[in-house]
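# Examining the three-dimensional arrangement
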Number of protein chains: 2
Amino acid sequence: MIRVGVNGYGTIGKRVADAVRLQPDMQLTGVAKTRPNYEAATALQNGYALYSAIPERSHLFAEAGMELAGDVDDLVRASDVIVDATPSGVGAENADRYRAHDTPAILQGGESADCVDASFVAGVNYDEAAGADLLRVVSCNTTGLSRLLDPLDREYGIEKVRVTLVRRGGDPGQTDRGPINDILPDPVTVPSHHGPDVNTILPEVDIDTVGLTVPATLMHVHSVNVTLDTAPTRSALADLFGRQSRIFLVDETLDIDGTADLKEFAADSGRPRGDLWENCLWQESIAVEGTDLYLMQSIHQEADVVPENIDAIRALGGERTADESMALTNEYLGVGMGSTSADIRTRFSSAIQPADD
Amino acid sequence: MIRVGVNGYGTIGKRVADAVRLQPDMQLTGVAKTRPNYEAATALQNGYALYSAIPERSHLFAEAGMELAGDVDDLVRASDVIVDATPSGVGAENADRYRAHDTPAILQGGESADCVDASFVAGVNYDEAAGADLLRVVSCNTTGLSRLLDPLDREYGIEKVRVTLVRRGGDPGQTDRGPINDILPDPVTVPSHHGPDVNTILPEVDIDTVGLTVPATLMHVHSVNVTLDTAPTRSALADLFGRQSRIFLVDETLDIDGTADLKEFAADSGRPRGDLWENCLWQESIAVEGTDLYLMQSIHQEADVVPENIDAIRALGGERTADESMALTNEYLGVGMGSTSADIRTRFSSAIQPADD
């Protein structure tokens, strides 16, 4: 059993903690939180040991009637691996703490690639993580693009990638984020930083990216153009994408029009928080013009990095292969829209009554 | 066991079907749907018998590879009670079908009060439903106002109610609804129809309502003023509301700022679809000026009528009291934010690992 502690119990941290709990080879030692809000309350509801991420604020938890198991140093001591899901920039500041305990740590995509030993997407470069002290699971957008581009590069060869990222303004609970009635070039300088970040995973891919931000909170959408070395067919592409366990090829018969319907489908399927761990790629959007491929995919910014964090935990130890780890993660988390719906059903719905009419 | 069929498997129908499945004294005979979209797919994923709501469209399901158990008449024949969760106006059209089968049916709040034997909110007028052929579970807003006003009237006496309803424009998946950048007087005529609808449940209460619609999808918010016969205190009010199982008194220590945080809290608590079955009443908003009470409450339009539909099923038969039915519904659905989190946890999270550090 790998003992895993989660420092930072917000959007990503709470999802990673829940996912760790579901893995057969991992044990959640606890979660660290800066303040006793509703997320801390649900951590305790879930039976998680709660630690104060900032020792000086421990008294706030006591005042709110929440029992602490200790502070963040106690959590690090109790853990073989730390997943740091603190806000951007804080993870890098925490690195010294993890080094002092000689405990490997996984940071998130908000941190710079320069401050870690390796950047990580399970399906692409799992083996590079073995033995790292600091690993970085790249951002939701970089994860989504890497998952899409790697199989295309292996199958057809990539000459050039051009992506427009239509980004959500904030997560659903972030009431202090904008825009509320605008379409922002963001960043206005082109190309955006997203392309170079993809190159931390796929260094050979020639990619230019453009970013815009819109008044939406549910998911990002990527408009993707890939010029390939050899011309594909639509059906061969659908077959290729259909074989990727972390790409959900959205069939037109499902009548899923946008990001809200995607979230609704995930919630209806019994997924916790309506999470979409896969790239959601509209099959109808796949178009081929000679060697040019066009498509649109949607990325759930709160969720797609969760399976990658779980695989990153195993990758650090080097005891399982990428295929083994991804298969375990997919099975026990329930990744794979459609194929594993039976697993999801078994886990989340205990009392199905068949009709006997 | 009461055999329950659900006609209409959209926003309300799928939630009622899931809730029926969880009740110890009910059996879900199946669900009827007009088209084979993703909701039909998840009905089959859930193991529900699927019926064609429009017999002429049965072939569409076959073409989508979905197996039907029959059409809606077969569903009605197999059921002791039908919950009709079809769009507004369709329920009234369906009434003849249910009468022809001599099967009692529960319609939703979009239907006129004139076309049913009684309108229903479990905590207020449960006993009036016994033996009805057609019952109407009132709208989300009327349900929420009735739950709030009935205990106030019993405890203090109500002289006058004035409510401004700040309404969501559409449900999250309704991409064809507006507004997207406006605040609409809706309806612009004052008072709005909401007050008279409350009077179908609480005929003696003097209530005027005003409606506005805003660019939001998650929940409605009510700004409520109640002039009482006798002056309350804030603490007595908090105590009164805290005793109502279908009111969630939102404590300030939870740091829940708005409707998005409410939904996030429900999802974090493991609730299916992040549903809030209770009125969500911000405790900080409760203010008393003499005999005038002010407060704000939030209503999850997709969810608050779900427990009422379950109680309505039992109320038709007249074999259980209101208290018995509400207690059963609350326990097996998991109503009661906080108090039944342990139940929710047990049902939805099977593999909690306590930390052993």
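About the thresholds
Residues numbered from 1 in each chain as written. Chains lettered and ligands numbered in written order. Predicted model: local features only at pLDDT ≥ 70, side-chain atom pairs only at ≥ 80, totals over all residues. Heavy atoms only, no water. Pairing = 2+ DSSP bridges. Helix = DSSP H or I, 4+ residues; strand = E, 2+ residues; numbered from the N terminus. pLDDT = per-residue confidence, 0-100. Contact = heavy atoms within 4.5 Å. UniProt positions renumbered as here; feature names shortened; annotations may be inferred. Domains from an automatic or database assignment. Buried area = accessible area lost by both parts, 1.4 Å probe. Salt bridge = Lys/Arg side-chain N within 4 Å of Asp/Glu carboxyl O. Buried < 20%, exposed > 50% of the residue type's maximum accessible area, 1.4 Å probe, protein only. Phe/Tyr/Trp six-rings, centres within 6.5 Å; stacked < 30°, edge-to-face > 60°.

Time to look at the sheet that holds strand β5 (residues 81-84) of chain A. All names here are of chain A. One open sheet accounts for 8 strands, arranged β4-β3-β2-β1-β5-β6-β8-β7; its pairing is parallel. Edge positions in the open sheet fall to β4 (70-71) and β7 (118-120), since each of these has one partner strand only. When strand β1 (residues 2-7) meets β5, the two strands line up parallel, connected through 4 bridges. When the sheet's bridge partners are listed, Asn7 is paired in β5 with Asp84.

Attention now goes to the confidence of the model for chain A. Overall, the predicted model of chain A reaches an average pLDDT of 93, with 94% of residues at or above 70. For the stretch residues 339-357 of chain A, pLDDT sits under 50, and the model shows 43 contacts to residues farther than four places along the chain or on other chains.

A few words on the UniProt feature "domain: Glyceraldehyde 3-phosphate dehydrogenase NAD(P) binding" (unreviewed entry) in chain A. Annotation from UniProt places "domain: Glyceraldehyde 3-phosphate dehydrogenase NAD(P) binding" (unreviewed entry) at residues 2-140 of chain A. Secondary structure across residues 2-140 of chain A comprises 35% helix and 24% strand; the distance between its end C-alpha atoms is 25 Å.

So, about the domain arrangement of chain A. All names here are of chain A. What the domain assignment lists for chain A is domain 1 (2-138 + 305-334) and domain 2 (140-299). Taken over C-alpha atoms, the centre of domain 1 sits 26 Å from the centre of domain 2. Between domain 1 and domain 2, the contact holds 24 residues from the first and 18 residues from the second. Here domain 1 and domain 2 share an interface that buries about 1,700 Å² over both sides, 50% of which is from carbon and sulfur atoms.

A side chain of one charge can pair with a side chain of the opposite charge if their charged atoms are brought near each other. Applying the stated criterion across every chain yields a total of 54 salt bridges over all chains. One salt bridge connects B:Arg246 with B:Asp311, and the closest N-O pair in it is separated by 2.7 Å. Linking B:Arg246 in the loop between α9 (234-242) and β13 (247-250) with B:Asp311 in helix α11 (residues 306-317), this pair joins segments that are 65 residues apart in sequence. Of the two residues examined, B:Arg246 and B:Asp311, each falls in the buried class. One salt-bridge network, held together by shared partners, links A:Lys14, A:Asp18, A:Lys33, A:Glu39, A:Arg273, B:Glu264 and B:Asp268.

Here we take up the packing of aromatic side chains. Tallied over the entire structure, the rule returns 8 aromatic pairs over all chains. Look at B:Tyr9 and B:Tyr48: their rings are 6.3 Å apart centre to centre, the planes differ by 85°, and that puts the pair in the edge-to-face class. Of this pair, B:Tyr9 sits in the loop between β1 (2-7) and α1 (11-22) while B:Tyr48 is found in the loop between α2 (38-45) and β3 (50-52), placing the two residues 39 residues apart along the sequence. On the basis of relative accessible area, B:Tyr9 is assigned to the buried category, the value being 1%. In this structure B:Tyr48 comes out as buried when scored by relative accessible area, which is 4%. Judged by centre distance (6.0 Å) and plane angle (50°), the rings of B:Phe120 and B:Tyr126 are tilted. Here B:Phe120 matches B:Tyr126 in class, with each residue buried. An aromatic cluster of three or more residues is present, and its members are A:Tyr38, B:Phe248 and B:Phe265.

All names here are of chain A. Here strand β12 (residues 220-228) pairs with strand β16 (residues 292-299) via 8 bridges, running antiparallel. Across the sheet, residue Val221 finds its bridge partner in β16, namely Ser298. Bridge count between strand β14 (residues 279-282) and β16: 2 bridges; the pairing is antiparallel. Counted as the bridge partner of Cys280 is Ser298 from β16. Sheet analysis places strand β15 (residues 287-289) next to β16, joined by 3 bridges and oriented antiparallel. Considered in β16, the bridge of Glu289 is made with Asp292. Where β15 folds back onto β16 in an antiparallel hairpin, the turn is made up of 2 residues, including Gly290, whose phi is positive at roughly 65°.

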